[in-house]
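# Observations on the model geometry
Listed below, chain by chain, are the residues.
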Amino acid sequence: LLLDAWRVFEKAKGDAESLAKVDAMLPRRVKRKRMRTDENGAELGWEEYFDYHFPDDGDSNAGNLKILEMAAKWKQAQQAQDSSSSSEDESDDED
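Before going into details, it helps to say that this report is about the structure given with it. Since this is a predicted model, take the numbers as computed values, not measurements.

Reading the values: rules and limits
Residues numbered from 1 in each chain as written. Predicted model: local features only at pLDDT ≥ 70, side-chain atom pairs only at ≥ 80, totals over all residues. Heavy atoms only, no water. Helix = DSSP H or I, 4+ residues; strand = E, 2+ residues; numbered from the N terminus. Buried < 20%, exposed > 50% of the residue type's maximum accessible area, 1.4 Å probe, protein only. Contact = heavy atoms within 4.5 Å. Areas by Shrake-Rupley, 256 points an atom, 1.4 Å probe, with all protein chains shown as cover. Patch = residues over 30% accessible without salt bridge, like charges linked within 9 Å, V, L, I, M, F, W, Y side chains within 5 Å. Salt bridge = Lys/Arg side-chain N within 4 Å of Asp/Glu carboxyl O. Phe/Tyr/Trp six-rings, centres within 6.5 Å; stacked < 30°, edge-to-face > 60°. Lys NZ or Arg CZ within 6 Å of the ring centre and 35° of its normal. Pairing = 2+ DSSP bridges.

### Considerations on the overall build of the chain
A tally of helices and strands in the chain yields three helices and two strands. When its helices and strands are written in sequence order, the chain yields α-α-β-β-α. Expressed as a percentage of the 95 residues in the chain, the buried residues total 5%. In the chain, once contacts between residues fewer than 6 apart in sequence are set aside, the share between residues at least 24 apart is 20%. Roughly 8500 Å² of accessible area belongs to the chain as shown, and the carbon and sulfur atoms make up 51% of that amount.

### Observations concerning a nonpolar patch on the surface
A surface patch of nonpolar side chains, amounting to about 310 Å² of accessible area, comprises Phe50, Tyr52 and Phe54. Of note, Tyr52 is situated in strand E2 (residues 43–53). A relative accessible area of 44% places Tyr52 in the partly exposed class.

### Examining the packing of aromatic side chains
All chains considered together, the criterion is met by zero aromatic pairs. One residue, Arg29, lies across the ring of Phe50, its end atom 3.8 Å from the ring centre. Of note, Arg34 hangs over the ring of Tyr49, and the distance from its end group to the ring centre comes to 3.9 Å.

### A short note on the pairing of E2
One ladder, built from 10 bridges, connects strand E1 (residues 28–37) with E2; its direction is antiparallel. In the sheet register, Arg36 faces E2, and the bridge partner there is Gly45.

### A short note on the pattern of salt bridges
For the coordinates displayed, the defined rule picks out four salt bridges. One salt bridge in this structure joins Arg7 and Asp23, with 2.6 Å as the shortest N-O distance. With a gap of 16 residues between them, Arg7 in helix H1 (residues 2–13) and Asp23 in helix H2 (residues 16–25) connect regions that are remote in the sequence. The exposure class assigned to Arg7 is partly exposed, which follows from its relative accessible area of 28%. For Asp23, a relative accessible area of 32% corresponds to the partly exposed category. Measuring nitrogen to oxygen at the nearest pair gives 3.1 Å for the salt bridge that ties Arg34 to Glu47. Linking Arg34 in strand E1 with Glu47 in strand E2, this pair joins segments that are 13 residues apart in sequence. Using a relative accessible area of 38% as the deciding quantity, one classes Arg34 as partly exposed.

In structure tokens:
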């Protein structure tokens, strides 16, 4: 709503550069589908809805990716630790 008012103002009073700046901030409208269910969990069918993606919100997804990367590193470290502890157990058995 605020961006729309700002865009109207820039159209009336601003230049092409300022209008382009405001247009770059406007959200993209994305049509999505999700499965609807009732209280009992029975599927009612697909529901279409609109989701809005703002260009400035791109950083929020980067945080999610960082968490996934950290989880993958943790899992690899756990597997390496498990394999090293199991190889130590085997070497103790040989003595």
